[in-house]
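In case you want the letters, here they are:
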Amino acid sequence: MLSNRSPATRGATVEVEALTCRYGRHSAVENVSFSIAAGERVALIGGNGSGKSTVLRSLLGLHRPQSGRMIFDGQPAGDWIARRRRVAWVPQFHHGGLFPLRVDELVGSTARHATVPRALAQFALDGMQARLTAELSGGQRQRAYLARAWAAIEDGATLLLADEPTASLDFDSRDRVAAWIAQLPVGALVVTHDTALAACCDRVLEMAAGRLREARR
Ligand SMILES: Nc1ncnc2c1ncn2[C@@H]1O[C@H](COP(=O)(O)OP(=O)(O)OP(=O)(O)O)[C@@H](O)[C@H]1O
Ligand SMILES: [Mg+2]
C-alpha cells in the first residue's frame, strides 16, 4: 500500500451487493459483492471476459443488472450519479464521438473550462486542445479521456472508475498514470491488466468467469 497521498484525500463509499448481470441468456457477472471505503483505491483484475467491464458499466448505469444493489454514499448509485458530476470515468474503448469533438471540449465536458489546460498538461497533451478526438492516435485519445477524468476530480468528482486506463499507452504515459493513481485524492475502482498499476492501489480484487475471487492482498 502506498501512503504518500495528501491529507486532503476524499471519496465516496461504494457497496455492491449480489450483483448479477446477463447479456440475453449469457451470464457475465454472478453474485458479486464488494465494498470500497471512502478514498480507497481498488484494482479489479481478471482474465478477458471475466466480467470486469460489466461491473464498471453497471456501477455507471450503462448496463442494467439482472439483480443486486449498488449503493454510493448510502444512496442508490443511479440517484447519486445523476444528482451531480461525482464520478470520473475512463472507458475501456475510446471512440472519437458521433459528432466532431475537440480535445478541449472532451476534457472540459465534466469540468470547468479553466481546469482544462492543467489537465492537458498532466497527460502531455499541451498544444493539442483544438485537435479533433477522432483524429488522434489511440494512445493520445486515451490520454484525452484520462485528462477528462483528472479535470473532473480536480473540480469535485469523488470517485474514479477507470477501465484499463493504461492499455494503449507508451511507457512514459503509463508512468504518469501510475503516479496519478498513487497520489489520487479520491477513491477508485481501476480495472487493469497492468501489474504496476494494480500495485499502486490499496487492494486487489480478482474476477474469474463472472465471479469474484478472494482479494490477492
Ligand atoms: N454487449 C455484449 N453482449 C453480449 N455479451 C457481452 C457483451 N459485452 C460483454 N459480453 C460478454 O460478457 C462477458 C463479460 O464481458 P466483460 O466485457 O465484462 O469482460 P472483461 O472482464 O471486461 O474482459 P476484458 O479484459 O477482455 O476487457 C464476456 O463473456 C463477454 O463476451
Ligand atoms: Mg473489459
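Residues numbered from 1 in each chain as written. Chains lettered and ligands numbered in written order. Predicted model: local features only at pLDDT ≥ 70, side-chain atom pairs only at ≥ 80, totals over all residues.

*Asks:* I'm lost on the overall build of the protein in this one. Help?
*Replies:* A count of helical and extended segments in the protein gives 7 helices and 10 strands. With the principal axes as the frame, the protein shows a C-alpha extent of 45 × 40 × 35 Å. With 217 residues in all, the protein has 44% of them scored as buried. Of the contacts made within the protein by residues no fewer than 6 positions apart, 72% connect residues no fewer than 24 positions apart. (Helix = DSSP H or I, 4+ residues; strand = E, 2+ residues; numbered from the N terminus. Buried ≥ 20, exposed ≤ 12 C-beta atoms within 10 Å, placed from the backbone. Contact = placed C-beta atoms within 7 Å.)

*Asks:* Sorry, what's going on with the sheet that holds strand 7 (residues 159–163) here?
*Replies:* What holds strands together in a sheet is hydrogen bonding between their backbones, with the strands either parallel or antiparallel. Taken together, the 6 strands give an open sheet; going across it, the order is 6-7-8-3-9-10, and neighbouring strands pair in mixed fashion. The two strands at the open ends of the sheet, each matched to only one other strand, are strand 6 (87–90) and strand 10 (211–213). Each adjacent strand pair in this sheet contributes to an overall mean axis angle of 20 degrees, direction not counted. Packed onto the sheet, helix 5 (residues 138–154) meets strand 6 and strand 7 and runs at close to 170 degrees relative to strand 6. (Pairing = 2+ DSSP bridges. Axes fitted to C-alpha atoms, helices over the stretch in contact; angles between N-to-C directions.)

*Asks:* Which parts of the structure should I look at to understand the nonpolar core?
*Replies:* Within soluble globular proteins, side chains that are nonpolar generally end up buried alongside one another. One finds L44, A147, A149, L160, A188 and V190 to be the most contacted residues of the largest nonpolar core, which totals 64 residues. Counting residues per element, this core draws most heavily on helix 5, at 9 residues. Contacts of A147, omitting those with residues within four sequence positions, involve V107, A119, L120, Q122, F123 and L125. (Core = buried A, V, L, I, M, F, W, Y, C linked by C-beta atoms within 7 Å.)

*Asks:* Could you clarify how one ought to interpret the pairing of strand 2 (residues 26–36) in this entry?
*Replies:* Two faces, one strand: in a regular strand the side chains alternate between the faces of the sheet. With 7 bridges joining them, strand 1 (residues 14–23) and strand 2 adopt antiparallel strand pairing. Paired with V16 across the two strands is F34, which belongs to strand 2.

*Asks:* I would appreciate a short explanation of unusual backbone geometry in the present structure.
*Replies:* What you tend to see is this: most non-glycine residues have negative phi, and most peptide bonds are trans. A positive phi angle, close to 55 degrees, is found at A124, a residue other than glycine. The topology assignment puts A124 in the loop between helix 4 (116–122) and helix 5. Judged by the 15 C-beta atoms lying within 10 Å of it, A124 is partly exposed. For A209, which is not glycine, the phi torsion reads 50 degrees and is therefore positive. Relative to the assigned elements, A209 resides in the loop between strand 9 (203–208) and strand 10.

All quantities given are derived from atomic positions and should not be read as evidence of function.
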